[in-house]
Amino acid sequence: MDDPEVLNPARSRAFRNDERRTARTSLPGNPLAPSAARRFVRAALAEWTSLGLLTTCALCQGDEACPPGRHSTDGLADDAVLIVDELVTNAVVHAGTNVELLCRLEAPGEPDGERPDDGSESGTESGDDTAAEPEPAALVIEVSDHHPARSVRSDAHGPAGGGSPEYGRGLQLIAALAERWGITYRTGLKTVWARLPLDGPTAEAPAGAGADGAAGVNGVVGEPALRRGLRAAEILAPAPRGTAREDPDWISRGALSFLAEASDLLAGQLDEDLVAALAGQLLVPRLADWCAIWLDGEGEGHGRAGAAPRLARVWHADESRIETLRTLLEKEPPRLLDSPRVQDATDSGPGRNVPVPVPWPGSGQTGAHDGAAVSCRLVANGRPLGTLVLGRRRLARMPDEVIALIEDFARRVGLAIGAARRYTRQATISRILQRGLLPTQVARIPGVESHLVYEPADDGVVGGDFYDVFPAPPGGRWCFMLGDVQGSGPEAAVVTGLARPWLRLLAREGYGVGEVLDRLNRLLLDDAMEAAEAAALMVAVAGGQDLSGGESGLPGLSDLGPLEDIRDMGKSLDDGRGGGLADGGQSRFLSLLYGQLEPLPGTGGGARCTLASAGHPLPLLLRPDGTVRVAAEPQLLLGVDEHVAYESLSFDLESGDTLLCVTDGVTERRSGRLLLDDDDGLAAILAGCTGLSAQGVAERIRRAVHDFDPSPPSDDLAMLVLRAV
């Protein structure tokens, strides 16, 4: 066989000097890198083909080789994409640095000049004599990361070496597809490379080689290429890797690990449909060929009628049969009765739900020749939530070991669904309560543009921030407020439910800004006193104190001692989790920014602003020239001291002026030890908002809060922007 290198050395040297045969790129070390790498490889192959550097594929032989521009590189592209995807994923997961990707076409007999032997590890498919033979034309792929201390993870020893692979197919797939591969270590760089032989003549092969030249290349490469493809298919295909049910020792050896991993996956899900989806994928194909999960309506169980069970998820080992199975199950669903409950001799609880046999879908009878199917009720806290049905082909009955494992797995699924439903109910209640505590819309102020931003930190818990903008007749006044109750949840909802209506009532009664805060402060203290008195009665009863004194037979606070002593009594009964009986949870105090606007006379726009801050982050005033100043004086929180007198400040909000009001979710946004408002950081951001609309300013501040730290905000975020037009 004539060597193409010998036949046309000048053409081969020209090819080697062609810089277009090398393509390289740098990718960020994030989850998007593998998909970008796949697109890059396909684009490089397409460009080389259009340039005539790559002219054929494994399907083209001899005289029928593809001419430049008319080709099918699907086989080569598919192999290259698989290798690049695995190597880039490995680099992103284990190194976490930027990834360098290089693709290069090599001529026949070209030495590996760019891969030094020093400090490298390599593997080969052809044995020790490969190096003695002329190298065929090849595509070389190199993936480098900048963390050489991290070793390359691989499941090259297969499942028997350590169970199912944790991070993909790794170097096992590379070894199956590549003629040669290796790892090269340099200072600050680790490179994994793979050499894919081209299965047909390349552009440097002489045009006169004809069938012999092509046969020479394909005769050497064609047979190994088929074997490589079969091995890669075996690695990628799920079925040949075996399932847990085919391993007779798996029940005793791996069942506990399976259940533990399943619990971890299911416990973190807060959506019942996602729990059902995960359960199906965990069961199939490990324990069953197919499974289906029905979820009961919320009102079902314990004799109560509810919505009919819905088929939430169907899963099959053969995905093409999922819809057929779903149709059969919807047409003839198994009788979803409660599973029999078995009481263990050492178990004093409600008993166990044992899986029971059910007819195979479409067969109409239990134990049909198609296989064995069982159903098990999903129960949490003694309440049925749904039904799990699964089946295995070519079985007369389900093995007892599998039944026991399914029973344990179903119990975990039931607990996860129960937790997801409780969270959904809590989140729904919180959203309804939040909507009731906050205004459905804010008033529009003549001559003043306004924009509001409100983002609760947790959708499942009522936030402590509140706001309002409303008219206060008579006199053409408009009032605005931005408050923050200590804490969150029910305690915060109670204070919010009191403060906002009280503020509206006091404002419409005609009180000034300072007077409104004075009266609200006393109302909060009175409410706290009533709560403390009720708690004191509970403390006295719990302490065995004689309550027979007094005209009404019940003691007042004066009979029980000073308020501080009462609180100390409550703390003494605290169970260590914080919040004793006396304080009834959290103290009822809040920070508040409250103000009133009156349009300036004439048609020039703007408004007269009078406001006061009670323990709240101070508002900032942005002038059209970019200067920023504080627009209020700091004062004490509301609900702390009944003797404090609150004072207000007045100024003109002229055309082009912007007033920024925020809660501490903005000023105290944290990144490590830094706060967003350190060194007047919020004022600096606001100074850059000159000329923006109220909405533009609010969006700029909101984006700055989110960009200050990669983690999501841990506190509610509320912001009111008022801009005179």
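Below, the structure is looked at part by part. The structure presented is a predicted model; accordingly, all values stated were derived computationally and were not measured.

1. Re the sheet that holds strand β25 (residues 717-724)
Right, on to step 1. Pairing in this open sheet of five strands is antiparallel, and the strands run β14-β25-β22-β19-β20 from one edge to the other. The open sheet terminates on both sides in strands that have one partner only, identified here as β14 (448-455) and β20 (628-630). Across this sheet, the average inter-strand angle for adjacent strands is 20°, counted without regard to direction.
Right, on to step 2. Here strand β22 (residues 658-662) runs beside β25; their pairing, made up of five bridges, is antiparallel. Following the sheet pairing, C661 is matched in β25 by L720.

2. A word on helix α9 (residues 322-331)
Right, on to step 1. Buried residues of α9: I322, L325 and L329, and no others. Taken end-on, α9 shows its buried residues confined to a sector of 65°, consistent with a single buried face. Seen from the open side of α9, the exposed residues pointing more than 90 degrees away from its buried face are E323, E330 and K331.
Right, on to step 2. For α9, the secondary structure elements touched by its buried residues are β7 (290-295) and β8 (310-316).

3. Brief notes about the sheet that holds strand β12 (residues 371-380)
Right, on to step 1. Spatial ordering of the open sheet is given by β8-β7-β13-β12-β11, a layout of five strands whose pairing is antiparallel. Whereas interior strands pair on both sides, the edge strands pair on one side only; in this sheet they are β8 and β11 (356-358). Strand-to-strand twist of the sheet, defined as the mean angle between neighbouring strand axes without regard to direction, takes the value 25°.
Right, on to step 2. Here three bridges tie β11 to β12, and the two strands are oriented antiparallel to one another.

4. Focus on the nonpolar core
Right, on to step 1. Counting residues in each nonpolar core, the largest one holds 50 residues, and the members touching the most others are F480, L592, Y594, L638, L659 and L722.
Right, on to step 2. Excluding residues that lie within four positions of it along the chain, L659 makes contacts with F480, C609, L611, P619, L620, L621, A631, F651, L653, L720, V721 and L722.
Right, on to step 3. Among the nonpolar cores identified, the runner-up in size contains 48 residues, and A279, L311, W315 and I417 belong to it.

5. Overview of the pairing of strand β5 (residues 180-186)
Right, on to step 1. Across the seven residues of β5, five count as buried, placing the element largely inside the fold.
Right, on to step 2. Pairing of β5 with strand β6 (residues 189-197) involves seven bridges; the strand directions are antiparallel. Note on β6: the bridge partner recorded for W181 is A194.
Right, on to step 3. Hairpin geometry of β5 and β6 is characterised by an intervening segment of two residues between the two adjacent antiparallel strands and by a positive phi of about 75° at G188.

6. Topic: the pattern of salt bridges
Pairing of side chains with opposite charge becomes possible as their charged atoms draw close.
Right, on to step 1. Using the criterion set out here, one finds 23 salt bridges in the structure.
Right, on to step 2. Across the pair R38 and D85 runs a salt bridge, and its minimum N-O distance is 2.3 Å. Residue R38 is located in helix α3 (residues 33-51), and its partner D85 is located in helix α4 (residues 74-94); the two are separated by 47 residues in the primary sequence.
Right, on to step 3. For R38, a relative accessible area of 31% corresponds to the partly exposed category.
Right, on to step 4. Take D85: its relative accessible area is 18%, and that puts it in the buried class.
Right, on to step 5. In this structure, D296 engages R377 in a salt bridge whose closest nitrogen and oxygen atoms are separated by 2.9 Å. One end of the pair, D296, is in the loop between β7 and β8; the other, R377, is in strand β12, with 81 residues separating them in the sequence.

7. Points about the packing of aromatic side chains
Right, on to step 1. Overall, the coordinates contain three aromatic pairs when judged by the stated rule.
Right, on to step 2. Both rings, one in F258 and one in F409, keep their centres 5.7 Å apart while their planes meet at 20°; by these two values the pair is stacked. Residue F258 is found in helix α7 (residues 250-267), and its partner F409 is found in helix α10 (residues 400-437); the two are separated by 151 residues along the sequence.
Right, on to step 3. For F409, a relative accessible area of 0% translates into the label buried.
Right, on to step 4. Directly above the aromatic system of F651 lies the positively charged group of R629, at a separation of 5.4 Å from the ring centroid.

Rules behind the numbers
Throughout this description, residue numbers start from 1 for each chain and increase along the sequence as written. Note on the predicted model: pLDDT of at least 70 is required for a residue's local features to be given, and 80 or more for side-chain atom pairs to be given and counted; whole-chain, interface and lining totals, by contrast, use all residues. Heavy atoms throughout the structure, all of them, feed into the side-chain values; hydrogens and water do not. Two strands are counted as paired when DSSP detects at least two bridges linking them. In this description a helix means any DSSP run of H or I spanning at least four residues, a strand means any run of E spanning at least two, and both kinds are numbered starting from the N terminus. To define axes, lines are fitted to C-alpha atoms, for helices over the stretch in contact only, and angles between the resulting N-to-C directions are given on a 0 to 180 degree scale. For the exposure calls, accessible area comes from a 1.4 Å probe over protein chains only, and a residue counts as buried if that area is under 20% of its type's maximum, exposed if over 50%, partly exposed in between. Directions drawn from the helix axis to the C-beta atoms are what define this arc. Any two residues whose heavy atoms approach within 4.5 Å at even a single point are treated as in contact. To qualify as a nonpolar core, a set must consist of buried Ala, Val, Leu, Ile, Met, Phe, Trp, Tyr and Cys residues joined through side-chain atoms within 4.5 Å. Here a salt bridge means any side-chain nitrogen of Lys or Arg lying within 4 Å of a carboxyl oxygen belonging to Asp or Glu. Two rings belonging to Phe, Tyr or Trp (six-membered ring only in the last case) form a pair when the distance between their centres is within 6.5 Å. Interplanar angles under 30 degrees mark stacking, angles over 60 mark edge-to-face geometry, and anything in between is tilted. By the criterion adopted, a ring carries a charge over it if an Arg CZ or a Lys NZ lies within 6 Å of its centre and within 35 degrees of its normal.

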